[in-house]
Structures are given as structure tokens and as C-alpha cells.
Amino acid sequence: MNKRVNICLISVLIITAVFLAACGSNSGDASSPLRESKASAPQLLEPENHAGGIGWQKTNCISCHPDAQLEDIHEYSSMLSASFAKISSTETGACLYCHGSNGIENITAETYDCMLCHENREIVPWYELFSHKNKHDFNGNDKMDSSDCVTCHAFSDMNGKIDAAIDFSKSGSPYATTTDFCLNCHDGNGAFGIMPSALDFEKDSTNIYSTFMGTGETTDTQKLTADIHGVKDGYGQSFGEFRGSYTNSMTVPCLACHLAHSSDNPYLITESGKTAELTDADAMAASVSVTENNYTQLCAVCHKSDDGALTENGLLEVVHNSTFSSNCSDCHYHGSGFGTDNSNLY
Ligand code: HEC
Ligand code: HEC
Ligand code: HEC
Ligand code: HEC
Ligand code: HEC
Ligand code: HEC
Ligand code: HEC
Ligand code: HEC
């Protein structure tokens, strides 16, 4: 391994949040985090970037950069570096995704061919993320493909770790959390030319941003109008109990309840209690299945009553004092606390 790569690796380890532009030979536009994060991968945007033109507009990268060398260079991510030797040497789309166009024309998202590796169990451990029934499918072709991927992952360093500031950098300003990233699009205006549809459950509000963050000018009015799973503080428990270390006055991240890519449950609801990171071991081990808008198995991952009936995923239901139907979403859904009417809760 050459020395420069070595020094870079060390800085990558130390500075995990933001990759230093100084690492690559290309320092990029310092004011844009997207450029900064991409700058850790040298960009081939002008002939002189590519060994004074020697490699410019060439497509067969492996002919001059053999596998062994590539493995060494990309040692910062052992799975990524091992992946290059497992695909055909003519499949160089992934190189261009990280390294820029190299002067090659007509590059589209499909050129990058994300699925070549991401659906291959020999290459990645989670090759089944995208094939479930309901999908985050922006282009409406009923499958997740590269153009969907790059809408959310404009760039990824593929180091095996999701970092909101690096792996979701398209807007140009970094996100602190994945929830902020979701809300950038589900806010009634969409993002990157993509617009989610209005809500099915709450007609008074058309978007999740308003129901989750609340509306109004001040923090107080926002808290009043928001969902309890969002920024509003709960009222405390009487007949219910929290599992694990969930407590009142928390904001629950979207990905505690939803999957980012695809799910066999409607509304991309999670398929397992594992996504609820603060719950107890029993609930983490439980599966979650939703049929006909019955969300009991999901709610039971974090809520229970000790005298509750067993849910089909082996947890305990919440029992209300009064006789209520068991279909939680009749009363509890995104936006049911919307407005100043607090009789409904979510
Ligand atoms: C005809 C030979 C040749 C081909 C084909 C070629 N390169 Fe290069 N490339 C070089 C040489 C020579 C260098 C400079 C020495 C080095 O860093 O290995 C270089 C350097 C690079 C660099 C580092 C640039 C920098 O700023 O430090 C990257 C990244 C790169 N090549 C990527 C690619 C990709 C991606 C492809 C395929 C699209 C490719 N190369 C095809 C010869 C080639
Ligand atoms: C996930 C993004 C990613 C992909 C995919 C990727 N690279 Fe890289 N590449 C990087 C990063 C990051 C560096 C800088 C590594 C460092 O400095 O430690 C780099 C460095 C390089 C270098 C420059 C080494 C140097 O400093 O001289 C070459 C050459 C290179 N890559 C070629 C390729 C080729 C060819 C492919 C496709 C087979 C490829 N890369 C795919 C991220 C990527
Ligand atoms: C709606 C935006 C969105 C789209 C579209 C999207 N991703 Fe993701 N991706 C995410 C989020 C958010 C995470 C973080 C998941 C988590 O922390 O549980 C993630 C995580 C990942 C991971 C890490 C594994 C994991 O579950 O944490 C991989 C790999 C990945 N995405 C690849 C892809 C590929 C390939 C595509 C295209 C087929 C794609 N993504 C499309 C938002 C998206
Ligand atoms: C050549 C194979 C290959 C291709 C093509 C590829 N990836 Fe990856 N990607 C990987 C590997 C391997 C990892 C896992 C690294 C690990 O877990 O250590 C990964 C990880 C990821 C992650 C997880 C976040 C992270 O930092 O590790 C995301 C997101 C991702 N890739 C997005 C994409 C997108 C988007 C595309 C298409 C534009 C794509 N990948 C194309 C091999 C590939
Ligand atoms: C680029 C914009 C964009 C981003 C970012 C995004 N979404 Fe979406 N989301 C959409 C669109 C568009 C749809 C509708 C897709 C469809 O109907 O196939 C959708 C659908 C959904 C649905 C299903 C709604 C339904 O009516 O079936 C859920 C749940 C959801 N998104 C949650 C999330 C979460 C959680 C995140 C963050 C990880 C996120 N979204 C990030 C655009 C986005
Ligand atoms: C018919 C409407 C309705 C249905 C259906 C319903 N709830 Fe409730 N829920 C309420 C109301 C109203 C409250 C406020 C407390 C009260 O007045 O009983 C509440 C309070 C709660 C609380 C707060 C617990 C506490 O100790 O204060 C939890 C947790 C809860 N519900 C979960 C659920 C779950 C899980 C389901 C499905 C199994 C469900 N609810 C079904 C109306 C409903
Ligand atoms: C990932 C864990 C998690 C899941 C899953 C979950 N909740 Fe909650 N829930 C919480 C937390 C944490 C709070 C407290 C938030 C606060 O006070 O700011 C809460 C609060 C509530 C409250 C208000 C209780 C109060 O103290 O005022 C109701 C009602 C409720 N949840 C119903 C549901 C229903 C119905 C479902 C299923 C559709 C559900 N929850 C799924 C974690 C969860
Ligand atoms: C406590 C669990 C929970 C959390 C946290 C959560 N959701 Fe949901 N989400 C649900 C449930 C249950 C449904 C289906 C019933 C409904 O619409 O509320 C749903 C539905 C949706 C829908 C479709 C709504 C409709 O009526 O068409 C979207 C979009 C969505 N969620 C996005 C998000 C986003 C974005 C976040 C984070 C800001 C988030 N959710 C946080 C549980 C959750």
C-alpha cells in the first residue's frame, strides 16, 4: 500500500463524520459538503485529472488498474475492495459513480448498476433489501433500481456504515439524522423533483412534516400540534407501559417503525422489532406483520399492558380502560393529534 493511501486511511479513521478534502488530490468546492465527501474519492472531471490524459475517456479501468491494486487502494472498506474482483471487468459503472464521468458521455443512473452488487449474496450481506412487496419506488416501474438509489444516495462511500452526512448528500447541506432526511421529502414540497402523495389517514394535513414537527411559529405551538411520536411530549402512561428504555418526551425516529427500502407490510412498516433500537430483547426478537391496517403487532413492540392479550407475534397488547376496538389505527395514526384537538393521540 502506498504511503499517501496510508495517511488517508488514518485520517478517515480519525475523522469519521466528514472526510477531509485534503485526502484526495482533488480538494473540491469547500463550501459544499457533497463535494467534500466525494473529494475523498479522486474525481475524473478534466483530462488532466486522469494522469495528464492517459486514462481520459477510457472505459476498461481494470486494464490499467488491476484488481490487486484496486483492492489495496480501497482497503478502507474491505468488502468493497473485495467486490471488484467478483464482477466482470467490463462492469465499470461503480467506478464512475464514485470517481466522476472520466469524460464518458451519456452516463445515466442505470450506468452505475447498483443492483449488480446489491442483489448479489456473494458480495453483500443484505442482498434482500429491495425485493419486498411495497417499495420506495420513485420512478413507478415497480422495482427499485439505480435511479431510485441515487435519488437518496447521491453518493455513498460504501464503507459499511450509514452516515447521514455522507450517504445522503444530494441536497448539498448535511443531515443530522435520517429522520431529517425523510422529512426533507415528506414535507408537502417533495425534494429532488420527487413528490410523495397526500396522506391517506389524515386529510386535514397533507404531509408528515406538519404532523411530526407540528405547525406554527414557536416551539410551544409546534409541540401542541405535533404527533406524540414526533416532537410533542406525551401525557404519561396510566394503563400502558413502555418496553425497554422507551419513555415519554422522546422523538421516535422514522426508521424505528418504517423500513427505508421495501417491506411486505403496507406503508413500509418494519418487518421486525429489531428496528426499535431501545426496546427489550423479547420485542427485538419478534416479527411484525400488518394485515388490513391492523398495526397491533407494531405497537406491541414498544407498548404493552401486563394484562394484555398475546399478540400474534408473541407480545402483549395494550388494553384501554374503556372498550375500544383493537384496530389501533382507527384512533392512532400520523396526524391524529393534529390541530388543537388532543382527544386523539399518536
Ligand atoms: C490507459 C490506462 C488507464 C485506464 C484505462 C484507466 N486509468 Fe485511471 N489512471 C491511469 C494512470 C496512469 C493513473 C495515475 C497513476 C495512478 O494513480 O495509478 C490513473 C489514475 C487514476 C485515478 C486517480 C486520480 C487522482 O487524482 O489521483 C483514478 C481515480 C482512476 N485512475 C480511475 C480510473 C477509472 C475509474 C477508470 C475507468 C473508467 C480508469 N482509471 C481507467 C491510467 C488509466
Ligand atoms: C464507493 C466509492 C468507490 C468506488 C465504487 C470506487 N472507488 Fe476508487 N476510490 C475511492 C476512494 C474513497 C478513494 C481514495 C482512497 C484513499 O485515498 O484512501 C479511491 C481511490 C482510487 C484510485 C486512486 C488511488 C491513488 O490515490 O492513486 C484509483 C486509481 C481508483 N480509486 C480506481 C477505481 C476503480 C478502477 C474503480 C472501479 C473498479 C473504483 N475506484 C471504484 C472510492 C471508490
Ligand atoms: C428513500 C430513500 C432511499 C432509497 C430510494 C434507497 N435508500 Fe438505501 N438507505 C436509505 C436509508 C435511510 C438507509 C439507512 C437505513 C437504516 O439506518 O436502517 C439506507 C441504507 C442502505 C444500505 C445499508 C444497509 C442498511 O440496511 O442499513 C445500503 C446497502 C443501501 N441503503 C443501498 C441502497 C441501494 C442499492 C438502493 C437502490 C436500490 C437504495 N439504497 C435506495 C435510504 C434510501
Ligand atoms: C462493485 C460492487 C458494488 C456496486 C456496483 C455498488 N455497490 Fe454499494 N456497496 C458495495 C459493498 C461491497 C458495500 C458494503 C461495504 C461494507 O459493508 O463493508 C456497499 C455499501 C453500500 C451502501 C451502504 C452505506 C455504506 O457507506 O457502506 C450504500 C448506501 C451503497 N452501497 C449504495 C450504492 C449505490 C447507490 C450504488 C449504485 C450507484 C452502489 N452502491 C453500487 C458494493 C457495490
Ligand atoms: C426523494 C423523496 C423521498 C424521500 C427522501 C423519502 N421518501 Fe418516502 N416516499 C416518497 C414517495 C414519492 C413515496 C410514494 C412512492 C410510491 O407510492 O411508490 C413515498 C412513500 C413512502 C411511504 C409509504 C406511503 C404510502 O402511501 O404507501 C412511507 C411510509 C415513506 N415513504 C416513508 C419514508 C421514510 C421513513 C423516509 C426516510 C428514510 C422517506 N420516506 C424518504 C418520497 C420520499
Ligand atoms: C377507539 C379509539 C382507540 C383505539 C381503537 C385504540 N386507542 Fe389507544 N387510546 C385512545 C384514547 C382516547 C387514549 C387516551 C387515553 C384514554 O382516554 O383512554 C388512548 C391511549 C393510548 C395509549 C396511552 C397509554 C396510557 O397508559 O395512557 C397507548 C399506548 C395506546 N392508546 C395504544 C393503543 C394501541 C396499541 C391500540 C391498538 C391495540 C389502541 N391504542 C387502540 C383511543 C384508542
Ligand atoms: C419504536 C417504539 C414505538 C412504537 C413501535 C410505537 N410507539 Fe407509541 N410511543 C413510543 C414512545 C417512545 C412514546 C412517548 C413519546 C413522547 O412522550 O414524546 C409513545 C407514545 C405513544 C402514545 C401517547 C402516550 C402518552 O404518554 O401520551 C400513544 C397513544 C401511542 N404511542 C400509540 C402507539 C400506537 C397506536 C402504536 C402502533 C401504531 C405505537 N404507539 C407504536 C414508542 C413507540
Ligand atoms: C411509532 C411508529 C411510527 C413512526 C415513528 C413513524 N411512522 Fe410513519 N407510519 C406508521 C404507521 C402505523 C402508519 C400507518 C397508519 C398511519 O398513516 O399513521 C404510518 C404511515 C406513514 C405514511 C403514510 C401515511 C398516509 O396516511 O398515507 C408515511 C408517508 C409515513 N408513515 C412516513 C413517516 C415518516 C417520514 C416518519 C418520520 C418523520 C414516520 N413515518 C414515523 C408508524 C410510524
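The following paragraphs examine the structure supplied in this document. (Residues numbered from 1 in each chain as written. Chains lettered and ligands numbered in written order. Predicted model: local features only at pLDDT ≥ 70, side-chain atom pairs only at ≥ 80, totals over all residues.)

**Focus: the site of ligand 4**
1) Next: Inspection of the region around ligand 4 gives 28 residues, with Met 79, Ala 94, Cys 114, Cys 117 and Gly 160 positioned closest.
2) Next: Elements supplying a minimum of two residues to the shell around ligand 4: α5 (78–83), α6 (93–99), α8 (115–118) and α9 (146–152).
3) Next: Among the residues forming the shell around ligand 4, the class breakdown is 16 nonpolar, eight polar and four charged. (Near = placed C-beta within 6 Å. Helix = DSSP H or I, 4+ residues; strand = E, 2+ residues; numbered from the N terminus. Nonpolar A, V, L, I, M, F, W, Y, C, P; charged D, E, K, R; others polar.)

**Topic: the nonpolar core**
In globular proteins that are soluble, nonpolar side chains generally tend to be buried together.
1) Next: Of all hydrophobic cores here, the largest spans 32 residues; its most connected members are Leu 298, Cys 299 and Val 301.
2) Next: Contributions of two or more residues to this core are made by α6, α9, α11 (178–185), α12 (208–213), α14 (254–257) and α16 (296–299).
3) Next: Top contributing element to this core by residue count: α11, with four residues.
4) Next: The residues that make up this core include at least three from each of domain 1 (3–176) and domain 2 (178–346). (Core = buried A, V, L, I, M, F, W, Y, C linked by C-beta atoms within 7 Å. Buried ≥ 20, exposed ≤ 12 C-beta atoms within 10 Å, placed from the backbone. Domains from an automatic or database assignment.)

**A look at the site of ligand 7**
1) Next: Lining the immediate environment of ligand 7, one finds 24 residues, of which Gly 234, Asn 248, Cys 299, Cys 302 and His 332 sit closest.
2) Next: For the shell around ligand 7, the elements supplying multiple residues, two or more each, are α14 and α16.
3) Next: Considered class by class, the residues forming the shell around ligand 7 number 15 nonpolar, eight polar and one charged.

**A closer look at the environment of Ala 176**
1) Next: Mapped onto the secondary structure, Ala 176 falls in the loop between α10 (164–167) and α11.
2) Next: Residue classification places Ala 176 among the exposed residues on the basis of 9 C-beta atoms within 10 Å.
3) Next: Along the primary structure Ala 176 and Ala 164 are separated by twelve residues, whereas in three dimensions their C-alpha atoms are 6.3 Å apart.

**So, α11**
1) Next: Within the sequence span of α11, burial applies to Phe 181, Cys 182, Leu 183 and Cys 185.
2) Next: Buried residues along α11 sit against α10, α12 and α14. (Contact = placed C-beta atoms within 7 Å.)

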